[in-house]
Amino acid sequence: MRNCTVCGKEFEPVFNTFQAVCGRRCAGQVGKIKRKAQARTLRDRKEAMKTLPDLKKEAQIAFNAYIRYRDRGKPCICCGKFPAGEEALTGGSTDAGHYRSRGSCPELAFDERNCHLQLARCNRFGWDVASYRAELIRRIGLAEVESLEGYHPPKKYTRSDMKAIRDTYRQKLKALQQNSPENGQ
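On a predicted model such as this, the values are computed, not experimentally measured, just so you know.

Q: How should the nonpolar core be read in this particular structure?
A: The nonpolar side chains of a soluble globular protein tend to be buried, and buried together. Grouped together as the largest cluster of nonpolar side chains are 14 residues, with contacts concentrated most on F63, I67, F110, M162, I165 and Y169. Of all the secondary structure elements, the ones that give two or more residues to this core are α2 (52–70) and α7 (159–178). Of the residues forming this core, the biggest block, six residues, is contributed by α2. Ignoring anything within four residues of it in the chain, the contact list for F110 reads K56, A59, Q60, F63, Y157, M162, I165 and Y169.

As structure tokens, this is what we get:
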């Protein structure tokens, strides 16, 4: 007597001594199980091959997507305008704009207080720092803005840090989307 590798039932081998499954139904499932296992190992190998810059890019994409979704329906933090006309329909008209830039202050790149919805034209082609700061004070308070403007010790991100940030913001975005009024919640 043997146990079927698919369903676990006990069976008596009928065809040969190497028979691993109890019947045709389970034999049909063996290929699917093997393909799923191969796909899983391939995904794991691809994940292991990712470099720190690759992971940082994925983390930033997940963070920015969360910020854009969190602030949807709000005006641009700089100019106070909403995306208009075709811009709003085609997408790509808004960015997750950082108050303290990622280049000058990389330790704040993943700080939610430092990043808000911004029209792409404001973010990419120069923006008024004073108006951004004034609106930021209105949204998060003067103490928080002064905290952002203060000293922050440099951070040395590791691969596991980047994976954790990426996964955290993917989960936060999914939770926001599930709880949004558009989904009938």
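After presenting the structure, the write-up continues.
Q: What am I meant to see in the packing of aromatic side chains here?
A: A ring pair, where both rings are aromatic, is described by two values, the distance of the centres and the angle of the planes. Evaluated as defined, the whole model comprises five aromatic pairs. Relative to Y157, the ring of F110 has its centre 5.8 Å away and its plane inclined at 85°; by these criteria the two rings are edge-to-face. Pair noted here: F110 is in the loop between β3 (94–98) and β4 (115–119) and Y157 is in the loop between α6 (142–149) and α7, with a separation of 47 residues, a long-range link. In textbook terms, an aromatic cluster arises when at least three aromatic residues are bridged by ring pairs, as seen for F63, Y66, F110, Y157 and Y169. In this arrangement the basic side chain of R72 is found over the ring face of Y69, its NZ or CZ atom lying 4.0 Å from the centre.

Q: What should I look at first to understand the environment of Q60 in this one?
A: Within the fold, Q60 resides in helix α2. For the pair Q60 and E135, spaced 75 residues apart in sequence, the C-alpha separation works out to 24 Å. Those residues in contact with Q60 that lie beyond four places of it in its chain are H98, R102, A109 and F110.

Q: Quick question: what am I supposed to make of the pattern of salt bridges here?
A: A side chain of one charge can pair with a side chain of the opposite charge when the charged atoms of the two come close. Taken as a whole and judged by the stated rule, the model has 15 salt bridges. Between E144 and R113 there is a salt bridge whose closest N-O contact spans 2.6 Å. One end of the pair, E144, is in helix α6; the other, R113, is in the loop between β3 and β4, and 31 residues separate them in sequence. You can call R113 partly exposed: its relative accessible area is 23%. For the salt bridge of E135 with R138, the shortest nitrogen-to-oxygen distance reads 2.7 Å. Of the two residues, E135 and R138 are both situated in helix α5 (residues 129–140); the distance of three residues between them amounts to about one turn of the helix. Linked by salt bridges that have partners in common, E47, K50, E58, R166 and D167 make up one network.

Cut-off values and rules
Residues numbered from 1 in each chain as written. Predicted model: local features only at pLDDT ≥ 70, side-chain atom pairs only at ≥ 80, totals over all residues. Heavy atoms only, no water. Core = buried A, V, L, I, M, F, W, Y, C linked by side-chain atoms within 4.5 Å. Buried < 20%, exposed > 50% of the residue type's maximum accessible area, 1.4 Å probe, protein only. Helix = DSSP H or I, 4+ residues; strand = E, 2+ residues; numbered from the N terminus. Contact = heavy atoms within 4.5 Å. Phe/Tyr/Trp six-rings, centres within 6.5 Å; stacked < 30°, edge-to-face > 60°. Lys NZ or Arg CZ within 6 Å of the ring centre and 35° of its normal. Salt bridge = Lys/Arg side-chain N within 4 Å of Asp/Glu carboxyl O.

Just distances and angles here, no functional claims.
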